[in-house]
Amino acid sequence: MEKKDALDMFCYQCSQTARGTGCTIRGVCGKNPTVARLQDNLLFAMKGISAYLYHARELGYTDEEVDAFLERGFYSTLTNVNFDPESFVEMALEAGRMNIKTMQLLKQAHIDNYGDPVPTEVPVGAVKGPGILATGHSLKALEELLKQTEGKGINVYTHSELLPAHGYPELKKYKHLVGQLGGAWFDQRKTFAKYPVAILGTSNCVLIPPEQYRERMFTSGVAELPEVEHIEDYDFTPVIEKALELGDLEEEPRDKVLTTGFGASTILSLAPKIKELVENGKIKQFLLVGGCDSPLTQAKYYTEFVEKLPDDVVILTLACGKYRFNDLDLGDIEGVPRLIDVGQCNDAIVAVDVANALSELFGLDLNELPLTIVASWMEQKAAAILWSLLALDLKGIYLGPIIPGWANEDIINVLVDKYDVRPIGDPEEDIKQILGS
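Only a predicted model underlies this, so the values are computations on that prediction, with no experimental measurement involved.

*Asks:* Explanation requested: the overall build of the protein in the structure shown.
*Replies:* Helices and strands together make up the secondary structure of the protein, namely 15 helices and 18 strands. Against the compact-globule benchmark of 22 Å for 437 residues, the protein has a radius of gyration of 22 Å, which places it among compact chains. Here the C-alpha coordinates of the protein stretch approximately 65 × 60 × 40 Å along the principal axes. Surface summary for the protein: the accessible area is close to 18,500 Å², and the carbon and sulfur share equals 49%.

*Asks:* In this structure, what is going on with the pairing of strand β7 (residues 198-201)? I would like to understand it.
*Replies:* Side chains A198 and L200 project from β7 onto one buried face, and the interleaved I199 and G201 project onto a second face that is buried too. Relative to β7, strand β4 (residues 131-135) runs parallel, the two being bridged by four bridges. Bridged to T135 within β7 is G201. Looking at chain direction, β7 and strand β8 (residues 217-220) are connected through three bridges and run parallel. Considered in β8, the bridge of L200 is made with F218.

*Asks:* What is the right way to look at the packing of helix α2 (residues 64-76) against helix α3 (residues 85-114) in this model?
*Replies:* Working note: a packed helix pair is described by the angle between its axes plus the distance between those axes. Interaxial distance between α2 and α3 falls to 10 Å at its minimum, and their mutual angle equals 150°. Relative to α3, α2 is oriented roughly antiparallel. For α2 against α3, the interelement crossing comes out left-handed. Contacts between α2 and α3 pair E65, V66, F69, R72, G73 and S76 from the former with F88, M91, E94, A95, M98, K101 and T102 from the latter. Of the residues that constitute the contact of α2 with α3, the class distribution is six nonpolar, three polar and four charged.

*Asks:* Would you mind going over the sheet that holds strand β15 (residues 339-343) with me for this structure?
*Replies:* Within a sheet, adjacent strands bond to each other through the backbone by hydrogen bonds, running parallel or antiparallel. With parallel pairing, six strands are arranged side by side in an open sheet as β15-β12-β11-β16-β17-β18. Lying at the two open borders of the sheet, with one neighbouring strand each, are β15 and β18 (422-423). The strands touched by helix α12 (residues 348-362) within the sheet are β11 (285-291), β12 (313-318), β15 and β16 (371-376), with β12 carrying the most contacts at an inclination of about 145°.

*Asks:* Even after reading the chapter, I still don't get the pattern of salt bridges, so can you show me in this structure?
*Replies:* When the charged atoms of two side chains with opposite charge come close together, those side chains can pair. All chains considered together, the criterion is met by 27 salt bridges. With its nearest N and O atoms 3.9 Å apart, the salt bridge here joins K128 to D248. Note that K128 is positioned in the loop between β3 (120-123) and β4 and D248 in the loop between α8 (237-246) and β10 (257-260), a separation of 120 residues in sequence. Looking at K128, the relative accessible area reads 47%, which means it is partly exposed. Residues E250 and K128 are paired through a salt bridge, measuring 3.4 Å at the closest nitrogen-oxygen approach. Placement of the pair is E250 in the loop between α8 and β10 and K128 in the loop between β3 and β4, with a sequence separation of 122 residues. Under the relative-accessibility criterion, E250 is labelled exposed at 55%. Shared partners join several salt bridges into a network, and the residues in it are K140, E143, E144 and K147.

*Asks:* In this structure, what is going on with the sheet that holds strand β9 (residues 229-231)? I would like to understand it.
*Replies:* Taken in spatial order, the six strands make up an open sheet running β6-β5-β4-β7-β8-β9, and their pairing is parallel. A strand with exactly one partner marks an edge of an open sheet, and here the two such strands are β6 (177-180) and β9. Strand-to-strand twist in this sheet, taken as the mean axis angle between neighbours without regard to direction, amounts to 30°. Each of β4, β5 (155-159), β6, β7 and β8 is contacted by helix α4 (residues 139-149), which is oriented at about 165° to β5, the strand it contacts most.

Cut-offs and rules
Residues numbered from 1 in each chain as written. Predicted model: local features only at pLDDT ≥ 70, side-chain atom pairs only at ≥ 80, totals over all residues. Heavy atoms only, no water. Helix = DSSP H or I, 4+ residues; strand = E, 2+ residues; numbered from the N terminus. Rg over C-alpha atoms; globule rule 2.2 N^0.38 Å. Areas by Shrake-Rupley, 256 points an atom, 1.4 Å probe, with all protein chains shown as cover. Buried < 20%, exposed > 50% of the residue type's maximum accessible area, 1.4 Å probe, protein only. Pairing = 2+ DSSP bridges. Axes fitted to C-alpha atoms, helices over the stretch in contact; angles between N-to-C directions. Parallel < 35°, antiparallel > 145°, perpendicular 65-115°, else oblique. Left-handed = near helix turned anticlockwise from the far one by under 90°. Contact = heavy atoms within 4.5 Å. Nonpolar A, V, L, I, M, F, W, Y, C, P; charged D, E, K, R; others polar. Salt bridge = Lys/Arg side-chain N within 4 Å of Asp/Glu carboxyl O.

Set out below in structure tokens:
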């Protein structure tokens with residue numbers, strides 16, 4: 001792995017400006033770069049926790065224990081406070097535990113406000129009429145947009161991580177929430193340029209827009225972009241006015257349909273059937289395949305991986321990594337869908353709940369279940385979720401194709417040796433290893 005020099009910084013320990021390995025102490029900028037990488041990891045994980053906590057707070061839900069951890073975690077990364085690698089591994093595990101609490105909090109906030117998700121088919125493509133395309137993670141922002149556009153003849157579409165919104169009863173009741181445009185976060189420049197609609201970015205997964213659609217793009221919440229109008233206090237009047245000014249989209253075929261909305265209660269209602277199918281050998285394995293997607297060519301691994309899975313495997317998926325394969329028709333196993341989309345990245349907690357329920361159902365430890373996690377990697381929320389899984393002592397997680405930027409050889413060795421994390425390789429070989437064939 002190519003070594004990256006640290007930025008120029010003043011070191012409070014040796015009282016000099018240091019660059020790379022120029023520092024004379026075993027600190028974050030010197031002879032123990034692993035500490036620096038572990039600090040980066042902790043910062044990324046805490047950014048992920050903060051993102052989920054922000055959306056929970058939007059809906060009035062907070063947690064003092066998580067707040068206190070974030071204070072301590074950020075403070076611990078000061079260069080003159082801590083130089084112990086082991087303590088940062090322990091803090092990363094604590095971040096994982098705090099992220100579980102945060103995901104539980106956000107999931108409860110979503111269910112309390114919008115109801116328990118139900119399986120919902122979502123057509124992809126435009127219908128005739130003015131439109132607004134909402135992207136990001138904030139269900140609160142989408143709800144306010146739907147309220148303000150009701151009765152105005154405007155169609156509202158989701159993009160990327162807002163796809164799961166269609167499964168919530170209190171959001172799907174809005175008949176002008178008509179479908180999805182585009183897929184994962186990184187297709188936005190192509191998708192946003194294609195459809196002359198007003199665009200609303202509600203969270204961090206937004207790219208700086210080209211001139212082609214900059215004047216019809218808006219942001220809200222923490223998302224802000226250069227030369228893009230920012231909406232305060234959920235007053236989407238400018239977005240609505242822009243949509244009406246732009247006029248009608250033309251109808252297009254909507255043959256592609258995505259299914260989302262498999263909450264824990266829906267999946268667990270199938271528990272007796274699942275147990276029967278497993279005991280009869282009709283379901284051989286459960287795979288959680290998901291995470292952050294990447295525009296890099298290596299990410300095609302996930303399409304090939306899912307395509308090559310045998311018909312007796314059930315796939316749980318979440319986050320934007322699902323766009324690599326969520327348009328595949330994988331059918332079902334006697335009524336149990338083979339592809340189950342549980343939602344956004346924060347809905348990893350649904351997968352955890354399902355795993356715990358399966359553990360109880362079969363009387364097996366989590367690591368004894370016919371369940372394997374195959375996680376794609378991209379950004380900060382993924383760091384928080386990875387450490388949540390490690391905090392649950394889940395072994396044999398397949399990870400890739402992009403190795404975390406904060407991980408050097410020492411850290412990768414710890415993840416492999418201590419936590420049995422397995423870098424992905426060839427789809428066919430990985431499937432053979434997972435299925436024992």
